[in-house]
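If you want the building blocks of each chain, they are given just below.
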Amino acid sequence: MPATSVAAVDSVKEAVFQAAADAGNLHEWILTSISTLLLKDKGKVSNNIVSSLTQEERDFLDKIVSLVFSRVDGDNDSSLASSSSSLHTLINVLWLLACNVNAGDSSKPSEDALTTTRNEQLATYMLQSIKSECIAKTDENLTQSVHDLLVAHMPAALLQSSGWIFQSSLLDKKLKLYNTQSNYKQVKYNILAEQSEGYSKYLALLNHECIFHTSTTSTDATLLKERVLTAIGTFQLDPVRCLDLLTDVLLWRQQQIDTETRQHGVKMTLTNLIVMMQACFQPLLCHLPDLLVFKLSAASDEKRQSSLFIVMAMLVEQKLLNAKQMVRVLLASSKLASVSEIYETIYKHIEQGLQTMGRIKLQNSSNTEADAEKQEQDMRHKQLLNELASSHAVRFLLELLRSDNKHGLALLSTGNVFDDDNEWSQLCFLLPETIGVAICDIIQQEIQQFLPPTRCGFDQSALAKDMTVDGDTDVEMHLENDASSLSLEEITAKISAPLDCIYGSGCIVLRPVLYTQLCRVIAHRLATMSDISDSVVHLIKSFLLPSLSLFSMNPTLAHEVWEMLRHLPYQTRYALYDSWRGKGLERAGLGDLNKPLWLIESEFKAGKDIRYALKRLSKDTIRDMSRHIAKVCHSHPLVVFTSILGQIESYDNLVQVMVDALRYVTPLGLDVLSCCILDRLSKNNADDRANRNRLKDDGVNVSQWLQSLEAFVGYFYKQFPFVDFQGILGYLVTRLKDGHVMELGLLRALLKTSAGWSFADYAPASSLSHTQLMGRSGSHLLKRETMSFGIVDHINQKSSREVRRVLQTDNVGVCLLILLAQVRHHIVFGKVKSDGHEKPIKLVAYLLDTCQVTIAMLLDFLSFPEGDGALTRSPIEVYTKALPSLKDLFSVHELDAATCWMLYRPVQHAKVTDSMTKGSLTSPDGTDLMLQTNAWDHITPDLFEAFYAHASYDIQCPEDIYKSEIHRLEKESERQAQQKPDPANAVPDDRAKEAAMRLSKDLAIHQEHVVHVRRVLESNRGSLLKMEDVSIDAMTTFLCSCIFPRCMQGPDDAIYCAQFVALLHVHDTPGFGTLCLYDSIITHMSRALFGLTEGEAANLSILLLEVWKNVSRWRYDEEAFNNEMAGRNGSFMPGGDGVVEVTFGKYEELYNKWHASVGAVLVGALKSSEYIHIRNCLIVLTRLVSVFPTRPGLGNKLIRTLEPLASEETNSFADIRAAAAAYSQQLVRARDDGVWREESTASVEARQRKQEAAVAARQKQAQLQMEEIKLESEKIGKELGPDRRRDDRRRVIGKPGEPVDHERRPAPTSGMELTNRMIETRVQGPSPRPDDGRSGRLNEPRRQGPSSRPDDGRSGPTVQDFATMAADASRNLGNRFQRPDEGHRRADGGGTKRSRPPSPEEGESAERVASKRSRLAPAAEVERSNIGNGRRRGRPGRRK
């Protein structure tokens, strides 16, 4: 190497040396330096000569050794030389070099040979340098330490060459001798002499009494342990054998510990002995599992094996034995298959059995090969389970679970016993009565401390004393801690793992107390929590709810579960119920992998039981079957209610029966039923509800299942008001937000049935009578009495208050009102199908009317002015606070003006009522924004506000209706007072008397209110219109912005519009043209008939009826026109010469124009091809039949137009045919009553003559037919001869009340004679219609007795006699033929009031009526005979 290069290398080495010394990273530097020297001559082979170390290299190695020893010296402790890391690094490097030294000579030069020689040179020189440094240190300890290290690591040849030893062969000989003595020499024990004495002393020490007493001090135990170790060492005892003897002592003492404790009263423990095992035999504990397995195989006694398992559990508890290793060894020693294989076999077998459940077997033979094979397979599986239960591994685990009280939950965690989490679950599934129950006991022991004090049935201190074992006070300390410091999430985290283990086995059914305690702990914590964590919900969802299905017929557990769930919101509860259902019930649940087999099996059994009960459910068996249904429902409410709702949707007559059958169901079951109802409504494509459409196949009418479900909802929540139905309302709100209104029947059912607000439902408005319409203008009580015709249903006040409370919570009711008002636009312009097809007109009309009726009902219910004793505030106060302002309703919620005022009117009415007492009334803001600017040029905000702020109750008092209802109720009260008291009802029914008194008070209050409002309106009449002159624009504006929008809202508003117009006319309001307004109403609103729904057409008909009454009266009564119209502002109309007054002569022309205009519109609508046009026209005509038409020309034209509509050949709509036929008959009757005022006398007389001729022709035709039938009957009678088959059994039936002569026998009657009498009855035509306007009713049938018949020598009743007897019997029996719904109607004097027999249907012939009555005659005659013979009334006698 050149000098310059060597100098450069030296400088680099010095720098590296110094940097390494400064940094202290000497180890890496030594290795790097030595590697550099080794690679110096690598690859240079020349004449098999290796260059020796240069002086620079020698100096470099000397510096390395000096540096290492200088660091060792820096420690100032020669004893640290052997442990110095730098010295050890250097010796390790030398050892690596020595390992590569090649002792032999190679014949051929190679790189390996060169490297070996190089390694030997480096190692030899470094060893010599180390020796020199040690000599220089003059430290004998250091020299000896380095010598020992080198001798232990370096080869003897290198040590000899470097001068550390004198002879390498001597060192090798000593090493061989040491290895032979240490590893290969056999230790021989003297069994007969010293070791017998050693084992004896060892056993004596192990059985020393002080070890087993709890009073032994730690000093004594330590002294005894030293003596044991001394004995083992002195006598050189086998350690494994000593461990074996120690295990035997533990086993024997475990068997005797209970006896010693009972006999001597001294508490003994094995803790000291176990601690001795841990201290003395710690290195040998790894062999303990094999030793214990050997002992188990050698132990033939069952008691000894049990004690051995107890000892093993104790060792695991003291952490001397690894449970996982022990289980693995025990399973390997057994001949059974693995737990997973056994589980798969049993699981598949049970699953196959479940798949065959419920199948109908066509073969009735039970001795088939399949059954024999199944029985054999069952026996094999049972034997396999018995073998598994008796295996050592299972018995060890069972004892481990039973004895390990402190760490029982830790054993069930992953990795402590099994590698797989599922193995515990599989063991519990296979052995639920052993392993599963043991885990349940551990969980029960863990949750004792968390039980609420008020529900705890034991003493905590006593429990701690019982749980303390062997003087261990950990349990006592644990119980002394505040259990309430743990949150519910922490409690569930502790017990979730063991609960998951036992879930699939269903072993919780063997520990119902544990299930109850779990529910109580969670319920107690949930009562004080606001936020529920997901872990708690998961525990309820994955364990508690499904496990309830195991406890059949246990209502107590169902109540405990409900006490836990009632603290959760309904969304969480319904989600839990849905997870309980899974992917399906019964057979559909087989595809759900998360559902255990025992749950599916129990669902099969519950489904079978509920179907059995439903088949036998009726009104007669409801008491017994309801108990049966409740028993099944306690554990399987989902299965029960799924079947029940399916039956209800198919058969609507089961609604009331099913509700009554739920009387014994727990609150949990009823809450699940609410969830099932919501599930049936919301999931259209789930399970058996696939393709469920809310409309029938015609696409117009609501489906039967939805109607039945709506009826059931109403009755159900009425019967059980405590059941939460917020889910139903939430579902309705969601559907309304999406623009769907098909489920509004649910809300109507809740209001009508549950809340008892059925009187507010006026649909269909076309069927309302005049009394009902006027009654709706009165108080709520009057409205209730008139709408129900005096038949007031029982109202459940609890359910009514609950419905109102739920609607008031979070302003749900107001939200529903606003959504209903907004959704009407979507009904008209939205789509009903996904394909984008337009909705049928009839469906649109139905939905729009339903929406409007629901708004009216809900508004009336929420704004009920009277308070309830159970409520702190009246409903109107809550409604006023929740409703947005009038301005917000119009601008923010974007409602039209009429709807805004409809919602705001109850608030304004309450303000008006307060102003009567307080004297102050403020107008609402936002009125000026509701109309366009040009509209305010004709009407004032005062008129607009006065019109919309009032209702019919404010301006009209129906005194006649009040008085008639008061009179009826007083009569009803007197009748009830004359009746005998009902022993079953201890409280007398004073409803009629109280209602009469309340109506009297309401009448006085109503009259005072009307007077006040009218006075205010009359005082403000001058500020209602802008101009004092009558203007067509003003009247048109008033019609379009006020009359028409409000008239469409309901029948109450329609009649109010007419009353308000009449009131303005009576007040002679300046600028208000009554005739001008009537002209606009009749002209424009009659034409609007083509664009209205059925409900709106009914509202329009009410308005037109009230208007036409005035118009017709003024037309045909000139005096009334002069008194009411002439000279008033209302008589002026704009004309060609300005505003002129209409005289009576001009009024006649105006009336004729109106009559022709309305007639043309109606006739055109009847001839239309659209269904809705014809239907609306018939509704209007039916309402106006008493006042319109009054001219015969239009009337006859209407009759001719109705003929094709009433025919089946030309009209396919059944409802149109029925309505057309009914109106045609009413029109004819109105014509005969004189409604056609302008019909001439000649026309009337000609029509009467025509009718008489038609009657005569029918009679003549009937006589001809009778003669023909008589001839034919005589011919038949001659061929058949007299009938003598029943002469001896025939009785004589006389007049009512006459004694029956049983001796006299009736003369035989020939068949021809009977036929003639029947013919006479059949061919009789109807009696002529009287001319007093009461046509359409048949006269009473003529009574004929035996004396009126021709004396032909034969006696016997005719068909007419039977009819007469039937009428007499029905009058005498009274209650027997009374309808059930008229049982409350009584006549004066305490007698029973008979229901009026129904009049013949329109167009029904007299022959059909006689035929109906003849069918009643035989039964009535038998009843009459029974009464005459003194038999009990109401029970037919038996024929002897």
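Since we're looking at a predicted model, the values are computed, not measured. (Residues numbered from 1 in each chain as written. Predicted model: local features only at pLDDT ≥ 70, side-chain atom pairs only at ≥ 80, totals over all residues. Heavy atoms only, no water.)

Structural notes on the overall build of the protein
Here is step 1: Along the protein, the regular secondary structure elements total 62 helices and two strands.
Here is step 2: Residue burial in the protein is summarised as follows: out of 1440 residues, 45% are buried.
Here is step 3: Residue pairs at least 24 apart in sequence account for 75% of intrachain contacts in the protein once pairs closer than 6 positions are excluded.
Here is step 4: As presented, the protein carries roughly 74600 Å² of accessible surface, and 51% of it is formed by carbon and sulfur atoms. (Helix = DSSP H or I, 4+ residues; strand = E, 2+ residues; numbered from the N terminus. Buried < 20%, exposed > 50% of the residue type's maximum accessible area, 1.4 Å probe, protein only. Contact = heavy atoms within 4.5 Å. Areas by Shrake-Rupley, 256 points an atom, 1.4 Å probe, with all protein chains shown as cover.)

Some words on the packing of helix α21 (residues 422–430) against helix α22 (residues 432–447)
Here is step 1: At a minimum axis distance of 6 Å, the contact between α21 and α22 shows a crossing angle of 125°. Considered as vectors, α21 and α22 are oriented oblique to each other. In the packing of α21 onto α22, the handedness of the crossing is left-handed. Note on element contacts: α22 touches α21 through P432, I435, G436 and I439, opposite W424, L427, C428, F429 and L430.
Here is step 2: A class-by-class count of the residues in the contact of α21 with α22 yields eight nonpolar, one polar and no charged. (Axes fitted to C-alpha atoms, helices over the stretch in contact; angles between N-to-C directions. Parallel < 35°, antiparallel > 145°, perpendicular 65-115°, else oblique. Left-handed = near helix turned anticlockwise from the far one by under 90°. Nonpolar A, V, L, I, M, F, W, Y, C, P; charged D, E, K, R; others polar.)

Observations regarding the packing of aromatic side chains
Between two aromatic rings, the relevant description is the distance of the centres plus the angle of the planes.
Here is step 1: Within this structure, the stated rule accounts for 35 aromatic pairs.
Here is step 2: Judged by centre distance (5.2 Å) and plane angle (90°), the rings of W757 and F864 are edge-to-face. You can see W757 sitting in the loop between α37 (744–754) and α38 (770–775) and its partner F864 sitting in the loop between α42 (841–862) and α43 (875–882), a full 107 residues away along the chain. Taken individually, W757 and F864 each receive the classification buried, so the pair is uniform in this respect.
Here is step 3: For the ring pair F1121 and F1144, a centre distance of 5.6 Å and an interplane angle of 65° mean the geometry is edge-to-face. Of the two residues, F1121 is situated in helix α54 (residues 1118–1124) and F1144 in helix α55 (residues 1144–1166); the sequence distance between them amounts to 23 residues. Each member of the pair, F1121 together with F1144, is buried.
Here is step 4: An aromatic cluster is built from W901, Y904, W936, F944, F947, Y948, F1038, Y1056, F1060 and F1072, whose rings are joined through pairwise contacts.
Here is step 5: R784 extends its terminal NZ or CZ atom over the ring of W757, reaching a point 5.6 Å from the ring centre.
Here is step 6: The ring of W1236 has R1231 lying over it, and the distance from NZ or CZ to the ring centre is 5.9 Å. (Phe/Tyr/Trp six-rings, centres within 6.5 Å; stacked < 30°, edge-to-face > 60°. Lys NZ or Arg CZ within 6 Å of the ring centre and 35° of its normal.)

Here's the deal with the nonpolar core
Here is step 1: If you look at the biggest cluster of nonpolar residues, it comprises 342 residues, and the most contacted ones within it are I435, L565, F712 and F1038.
Here is step 2: A total of 13 residues in this core trace back to one element, the largest contributor, which is α42.
Here is step 3: Every residue in contact with F1038, bar those within four places of it in the chain, is listed here: I939, L943, F947, I1043, F1060, V1061, F1072 and L1077.
Here is step 4: Membership of the second largest hydrophobic core comes to 27 residues, among which are L94, A123, L142 and L158. (Core = buried A, V, L, I, M, F, W, Y, C linked by side-chain atoms within 4.5 Å.)

Description of the environment of V912
Here is step 1: Note that V912 resides in helix α45 (residues 897–918).
Here is step 2: Spatially, the C-alpha atom of V912 lies 9.7 Å from that of D954, the residues being 42 residues apart in sequence.

Some words on the pattern of salt bridges
If the charged atoms of two oppositely charged side chains come close together, the side chains can form a pair.
Here is step 1: For the coordinates displayed, the defined rule picks out 42 salt bridges.
Here is step 2: Notably, a salt bridge pairs R748 with D761, separated by 2.8 Å at the nearest N-O pair. Placement of the pair is R748 in helix α37 and D761 in the loop between α37 and α38, with a sequence separation of 13 residues.
Here is step 3: The network of salt bridges with common partners includes R241, D244, D248, K295 and R304. (Salt bridge = Lys/Arg side-chain N within 4 Å of Asp/Glu carboxyl O.)

Overview of the confidence of the model for the protein
Here is step 1: The pLDDT averaged across the protein works out to 77; a share of 73% of its residues lies at or above 70.
Here is step 2: Note on residues 1–13: pLDDT is under 50 here. Beyond four places in sequence and across chains, it has six contacts. (pLDDT = per-residue confidence, 0-100.)

Focus: unusual backbone geometry
Here is step 1: Put simply, A763 and P764 share a cis peptide bond, and its omega is -5°.
Here is step 2: Mapped onto the elements, P764 comes out in the loop between α37 and α38.
Here is step 3: Here the bond from F1188 into P1189 is cis, since omega is 0°, no more than 30 degrees from zero.
Here is step 4: Here N811, not a glycine, exhibits a phi torsion of approximately 60°, which is positive.
Here is step 5: Inspection of the secondary structure assignment puts N811 in the loop between α40 (797–808) and α41 (812–829).
Here is step 6: Judged by relative accessible area, which is 33%, N811 ranks as partly exposed.

A few points about the packing of helix α14 (residues 288–298) against helix α16 (residues 323–333)
Think of two packed helices as two axes; the pair is described by the angle between the axes and how far apart they sit.
Here is step 1: Relative to each other, α14 and α16 sit at 40°, their axes nearing to 10 Å. The orientation of α14 with respect to α16, classified from their angle, is oblique. Judged by the sense of rotation from one axis to the other, the crossing of α14 with α16 is right-handed. On α16, the residues that touch P289, D290, L292, V293 and L296 of α14 are Q325, M326, V329, L330 and S333.
Here is step 2: Considered class by class, the residues forming the contact of α14 with α16 number seven nonpolar, two polar and one charged.

Considerations on the side chain of D860
Here is step 1: The topology assignment puts D860 in helix α42.
Here is step 2: Classification of D860 as buried rests on a relative accessible area of 14%.
Here is step 3: Residues in contact with D860, not counting those within four places in the same chain, are W757, F759, A760, H780 and K783.

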